[in-house]
Amino acid sequence: MGSFRKSFLALLSVLFLGLHDVSQAAEPERSTYIVHVAKSEMPETFEHHTVWYESSLKSVSDSAEMLYTYDNAIHGYATRLTAEEARLLESQTGILAVLPEVRYELHTTRTPLFLGLDKSADMFPESSSRSDVIIGVLDTGVWPESKSFDDAGLGPVPSGWKGECQTGTNFTASSCNRKLIGARFFANGCEAMLGPINETEESRSPRDDDGHGTHTASTAAGSVVSDASLFGYASGTARGMATRARVAAYKVCWKGGCFSSDILAAIERAILDNVNVLSLSLGGGMADYYRDSVAIGSFSAMEKGILVSCSAGNAGPSPYSLSNVAPWITTVGAGTLDRDFPAYATLGNGLNFSGVSLYRGNALPDSPLPFVYAGNASNATNGNLCVTGTLSPEKVAGKIVLCDRGLTARVQKGAVVKSAGGLGMVLSNTAANGEELVADAHLLPATAVGENAGDAIKKYLFSEAKPTVKILFEGTKVGIQPSPVVAAFSSRGPNSITPQILKPDLIAPGVNILAGWSKAVGPTGLPADGRRVDFNIISGTSMSCPHVSGLAALIKSAHPDWSPAAVRSALMTTAYTVYKSGEKLQDSATGKTSTPFDHGAGHVDPVAALNPGLVYDLAVDDYLGFLCALNYSASEITTLAKRKFQCDASRQYSVTDLNYPSFAVVFESGSGSSVVKHTRTLTNVGPAGTYKASVTSDTAPVKISVEPQVLSFKENEKKSFTVTISSSGSPQQRVNAFGRLEWSDGKHVVGTPISINWG
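Reference entry: report on the structure contained in this document. (Residues numbered from 1 in each chain as written. Predicted model: local features only at pLDDT ≥ 70, side-chain atom pairs only at ≥ 80, totals over all residues. Heavy atoms only, no water.)

Quick look at the sheet that holds strand β11 (residues 253-254)
Part 1 of the reasoning: With antiparallel pairing, 4 strands are arranged side by side in an open sheet as β11-β12-β5-β14. In the strand order of this sheet, the two ends are held by β11 and β14 (282-283), each with one partner.
Part 2 of the reasoning: Note that strand β5 (residues 103-106) and strand β12 (residues 257-259) share 2 bridges and pair antiparallel. Considered in β12, the bridge of Tyr104 is made with Cys258. (Pairing = 2+ DSSP bridges. Helix = DSSP H or I, 4+ residues; strand = E, 2+ residues; numbered from the N terminus.)

Shown next as structure tokens:
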């Protein structure tokens, strides 16, 4: 009987476990959603909006809890729901939208000198306002011990600051100071999607274990640090754009990515904390503005007078590859500096090819070494890319290996060669990267060469029985010309959401930028990299964005009453599009002249931006009119504006009426004669004066005229004008054309780019 009872109980337990597994399998999958609420529609029965939020949530789910509630970046909350619960919630009165969580990605010393900031200190105000400006950086956190956050010489924390230094793993309240005045972290969204933060791998605190956040924050507002370099490369004085500004770090990016609910929570806090500028070197997929959390949160920041600077993305040189294109965001592309790190590959036949490298370590032998193409040292179909586990050690040991760029990180390829016994690497660009060279602190002796050089080297490898190569490192060279050129990786227009708004807005230095780094990780970011550095050299629009964030802070300190639109206008209308030689800016991807779809208004010129003469200003109502012109519904506008706004049915709204400091014209493809008019208003922020207009067009069928052609201003006066762009038909073999409008009083030049697209 006992044995039967045991068998029966065992059978029951198996059945129970089976049923338990079935019930688990049947459990609907939950995802994170951001719930946008029309707060003004709260029923009178509720005393507080959070009680209403909880009630609406409980009506569709007994178990769902709020990850965050928002009252500044948006009105609403973030929670975990099934798809059916989300659908039911969205159908309720007062719920504007229930949007799924989006994962965003990071857009991964000579700069102040290159930009002219070193010799223009007298142009910046010495008042305390220089150190009252606060830059909020949404990124991977901060390494507070970095010398770039030394607070020597800074006065008390600005009285308007409402933030805090949040404690957590390896981070205490004393980690902040008068430079790094605040630090917070936001992980609820990430943890809801991926599970708890693994604190053995990354700090559940504002501490930066990645390096990216420390680099961007110190680029924007790092203190002056002498004798800075990476392994002796780019040695000199490192300094941020706004050395006296304060930094507030908001950690929203983790190993698993940067989640929209966390980003919105950080923007929410940054608004409450009273920052003046927000810097976001991250981006996600393209979506309409009312579905894009960065665009929605940035609208709220703009309403509070905060300038938001975002990276354009690293998906160039493909057209329509931009991120962060909302017109209330300053969208920043990347250009090069006049500095390089040459490393030469000399072949056994005497041919010499110039590349770049930041390698510093044991030198290679003086004599040439055996040389092999990775594709011939692997049994894998993609062996040429030096992917982990694809190289044959017996074919690689003791040799230099040529790897093709693509699929995996550049530095990872070097690590693969090293682990297979290779002594060094030549990294060749392919058609996707052309001739653009990005330097890296490789783990083994290596140089990166352009596509043309790579093709020539492969020709040698395929034809020579016993090929050899030497790699020679030349250190740092400055004065490289032409510079800047648009980085090939920098994302390009046209604007895929609103083609009538020209993006990017401008470019800034983003290639081989030296700035502060985290001591938790080596310069390559690879687990195998045990080196630790104070400064690192990396590239991306992630690097160009904080340049503009810092420069915006400088302008804000000089002109504290200017709106975010006025600050952006000053940066754009004073940007340059020609070199001192008179030649036009070049594009690294093509070796030819770049266009406004590549460089926007041009390359930033901070000294000129301090005194622009005239600005194109914008207020919140102007942006609301723009949303009406897009035919957004009342609920879509409320999602962005957080208040009811009724488009005027008697008014004819037009996207071309937005007072933007650039012009983007879209003609119908195959259309005959077409005419588009843009009206703009200029505000005089300089002395009284008379400005005359001049226009250029690079295409004969396109005629551009301005009315009136002369504007006379009193101080602070506003004057309007109309630009008429007419086309007698699409030119042969072209879908784009470009022009430029300049207003000048003989001292100031107020420049705006014009793009014409036959869609």
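Okay, back to it.
Concerning the pattern of salt bridges
Part 1 of the reasoning: Counted by the stated rule, this structure contains 22 salt bridges.
Part 2 of the reasoning: A salt bridge links Asp621 to Arg643; its shortest N-O distance comes to 3.9 Å. Taken together, the residues Asp621 in helix α16 (residues 620-629) and Arg643 in the loop between α17 (634-641) and β32 (663-667) connect sequence positions 22 residues apart.
Part 3 of the reasoning: Put simply, Glu164, Arg184, Arg269 and Asp273 are held in one network by salt bridges that share partners. (Salt bridge = Lys/Arg side-chain N within 4 Å of Asp/Glu carboxyl O.)

As for the sheet that holds strand β3 (residues 76-81)
Adjacent strands of a sheet pair through backbone hydrogen bonds, lying either parallel or antiparallel.
Part 1 of the reasoning: Taken in spatial order, the 4 strands make up an open sheet running β2-β3-β1-β4, and their pairing is antiparallel. A strand with exactly one partner marks an edge of an open sheet, and here the two such strands are β2 (66-70) and β4 (95-100). Averaged over neighbouring strand pairs, the angle between their axes works out to 25 degrees when direction is ignored.
Part 2 of the reasoning: Relative to β3, strand β1 (residues 31-37) is paired through 6 bridges, and the arrangement is antiparallel. Within β3, the position partnered with Ser31 by the bridge is Leu81.
Part 3 of the reasoning: The sheet strands contacting helix α2 (residues 49-58) are β1, β2 and β3, and the helix crosses β3 at an angle near 25 degrees.
Part 4 of the reasoning: In the packing of helix α7 (residues 260-273) onto the sheet, the strands contacted are β1, β2 and β3, and the crossing angle to β2 comes to about 35 degrees. (Axes fitted to C-alpha atoms, helices over the stretch in contact; angles between N-to-C directions. Contact = heavy atoms within 4.5 Å.)

Regarding the pairing of strand β24 (residues 468-473)
Part 1 of the reasoning: Sheet topology places strand β18 (residues 342-347) next to β24; 5 bridges connect them, and they run antiparallel. Along β24, the bridge assignment pairs Tyr344 with Leu472.
Part 2 of the reasoning: Direction of pairing for strand β20 (residues 369-373) relative to β24: antiparallel, over a ladder of 2 bridges. By the bridge assignment for β24, Pro370 is matched with Thr468.

Overview of helix α3 (residues 83-90)
Part 1 of the reasoning: Turning to α3, its buried residues number three or more, namely Glu85, Ala86 and Leu89. Along the axis of α3, the buried positions cluster into a sector of 100 degrees, meaning they face one direction only.
Part 2 of the reasoning: Residues of α3 that are buried make contact with β1, α2, β3 and β4. (Buried < 20%, exposed > 50% of the residue type's maximum accessible area, 1.4 Å probe, protein only. Arc of directions from axis to C-beta.)

Comments concerning the state of the cysteines
Part 1 of the reasoning: For the structure on display, the rule yields 4 disulfides.
Part 2 of the reasoning: At a sulfur-sulfur separation of 2.1 Å, the disulfide partner of Cys253 is Cys258. When the S-S torsion is 110 degrees, as for the bridge of Cys253 with Cys258, the disulfide is right-handed. The same class applies to Cys253 as to Cys258, namely buried.
Part 3 of the reasoning: With its sulfur 2.0 Å from that of its partner, Cys628 forms a disulfide with Cys647. Every disulfide takes its handedness from the sign of the S-S torsion; for Cys628 and Cys647 that torsion is -90 degrees, giving left-handed. Taken together, the positions of Cys628 in helix α16 and Cys647 in the loop between α17 and β32 put the pair 19 residues apart, joining distant regions of the chain.
Part 4 of the reasoning: The class of Cys628 is buried, set by a relative accessible area of 6%.
Part 5 of the reasoning: What connects to what in the chain, once the bonded cysteines are numbered by sequence position, is 1-2, 3-4, 5-6, 7-8.
Part 6 of the reasoning: No disulfide involves Cys310; its sulfur sits 6.0 Å from that of Cys545, the nearest cysteine.
Part 7 of the reasoning: Residue class for Cys310 comes out buried when judged on its relative accessible area of 0%.
Part 8 of the reasoning: Overall, Cys545 belongs to the buried group, its relative accessible area being 0%. (Disulfide = S-S within 2.5 Å.)

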